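This is what each chain is made of:
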Amino acid sequence: MIVGVLLAAGQGTRFGAHKLLHRLDDGMSIAEHAARNLIAALPTSLAVIRPGDIVLQNILTSQGLTVIECADAAQGIGASLACGVSATPAAAGWAIALADMPWIQPQTIAHVAQKLQQGAGIVAPLYQGRRGHPVGFAATFRELLLALQQDRGARDLIEANQESLVLTNTDDAGVLRDVDVPADAVSSTADSKRCASTDDR
């Protein structure tokens, strides 16, 4: 079984507020969109949050995700990812999604999971030549994922295992579009093709 892991434990300091609670034009929060898209593709999904983030926890559980608090969340995205993997030891793989990327389509996530089920070691969508999210990892990478601690997430792991990486073309621009500052969340940026960074989550 491929498990969806939504990383929602970042500080979001550049946004100036709790960005995952920010409401988009349709009235739904960034976190709610990301959670809905993930669980629509992978019914077995969990979210990793900071300890005590009750409002976010309620939003995510209302969408059907299991929520776990990561005591080491302050260490960065790598620690949060490790928490999510640790909580699902029986998984055949994981599709790692970022909670500040609310525009990724469910079918894109499902396609990443399908590639893992077909035997790929690492999977990522490719939009106009640029690698995006979510990134899938097979269970063979479990120990390496559990060892993550720094704020670069799994970037170094991917770079060190290029022979296992499968890139799958997509027309889903959402795989590159994240929210770092309030301007990223307004409708006028709907066609932005900015690549997601991992230094502010």
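Quick summary incoming for the structure in this document.

### Considering the nonpolar core
Within the largest apolar cluster, 63 residues are counted, with the highest numbers of intra-cluster contacts made by Leu-6, Leu-60, Phe-137 and Leu-145. A per-element tally of this core places helix H1 (residues 30-41) first, with seven residues. Non-local contacts of Phe-137, meaning those with residues more than four positions away in its chain, are made with Gly-93, Trp-94, Ile-96, Leu-116, Gly-121, Ile-122, Leu-145, Ala-154, Leu-157 and Ile-158.

### What about the environment of Arg-130?
With respect to the helices and strands, Arg-130 occurs in strand S6 (residues 130-131). What makes Arg-130 partly exposed here is its relative accessible area of 34%. Through-space distance from the C-alpha of Arg-130 to that of Val-175 is 9.3 Å; in sequence the pair is 45 residues apart.

### Some points on the side chain of His-33
In this structure, His-33 sits in helix H1. Assessed through its relative accessible area of 16%, His-33 is described here as buried. Residue contacts for His-33: discarding those within four places in its chain leaves Leu-24, Asp-26, Met-28 and Pro-102.

### Quick look at the packing of H1 against helix H4 (residues 106-117)
Between H1 and H4, whose axes approach to 8 Å, the crossing angle comes to 45°. Taken together, the axis directions place H1 and H4 in an arrangement best described as oblique. As for how H1 packs across H4, the hand of that crossing is right-handed. Across the interface between the two elements, Asn-37, Leu-38, Ala-40 and Ala-41 of H1 pack against Pro-106, Ile-109 and Ala-110 of H4. Within the contact of H1 with H4, the residues separate by chemical class into six nonpolar, one polar and no charged.

### Comments concerning H4
Helix length check: H4, at 12 residues, gives a terminal C-alpha distance of 17 Å against a target of 16 Å (1.5 Å per residue), a fit within 8%. Among all positions of H4, only Thr-108, Ile-109, Val-112, Ala-113 and Leu-116 are buried. The arc enclosing the buried residues of H4, seen along the axis, measures out at 140°, which places them on a common side. What points out from H4, more than 90 degrees from its buried face, is the exposed set Gln-107 and Gln-117. Each element contacted by the buried residues of H4 is listed here: strand S1 (2-8), H1, strand S4 (93-98), strand S5 (122-127) and strand S7 (135-138). Gly-119, located one to two residues past H4, shows a positive phi value of around 115°.

### Focus: the packing of aromatic side chains
The geometry of an aromatic ring pair is captured by the separation of the ring centres together with the interplanar angle, meaning the angle of the planes. Under the counting rule described, the total for this entry stands at one aromatic pair. Arranged with centres 6.4 Å apart and planes meeting at 65°, the rings of Phe-137 and Phe-141 form a pair that is edge-to-face. Each member of the pair, Phe-137 as well as Phe-141, is classed as buried. Note that Arg-177 overlies the ring of Trp-103, its terminal NZ or CZ placed 3.4 Å from the centroid.

Definitions and cut-offs
Residues numbered from 1 in each chain as written. Predicted model: local features only at pLDDT ≥ 70, side-chain atom pairs only at ≥ 80, totals over all residues. Heavy atoms only, no water. Core = buried A, V, L, I, M, F, W, Y, C linked by side-chain atoms within 4.5 Å. Buried < 20%, exposed > 50% of the residue type's maximum accessible area, 1.4 Å probe, protein only. Helix = DSSP H or I, 4+ residues; strand = E, 2+ residues; numbered from the N terminus. Contact = heavy atoms within 4.5 Å. Axes fitted to C-alpha atoms, helices over the stretch in contact; angles between N-to-C directions. Parallel < 35°, antiparallel > 145°, perpendicular 65-115°, else oblique. Left-handed = near helix turned anticlockwise from the far one by under 90°. Nonpolar A, V, L, I, M, F, W, Y, C, P; charged D, E, K, R; others polar. Expected span 1.5 Å × (residues − 1). Arc of directions from axis to C-beta. Phe/Tyr/Trp six-rings, centres within 6.5 Å; stacked < 30°, edge-to-face > 60°. Lys NZ or Arg CZ within 6 Å of the ring centre and 35° of its normal.

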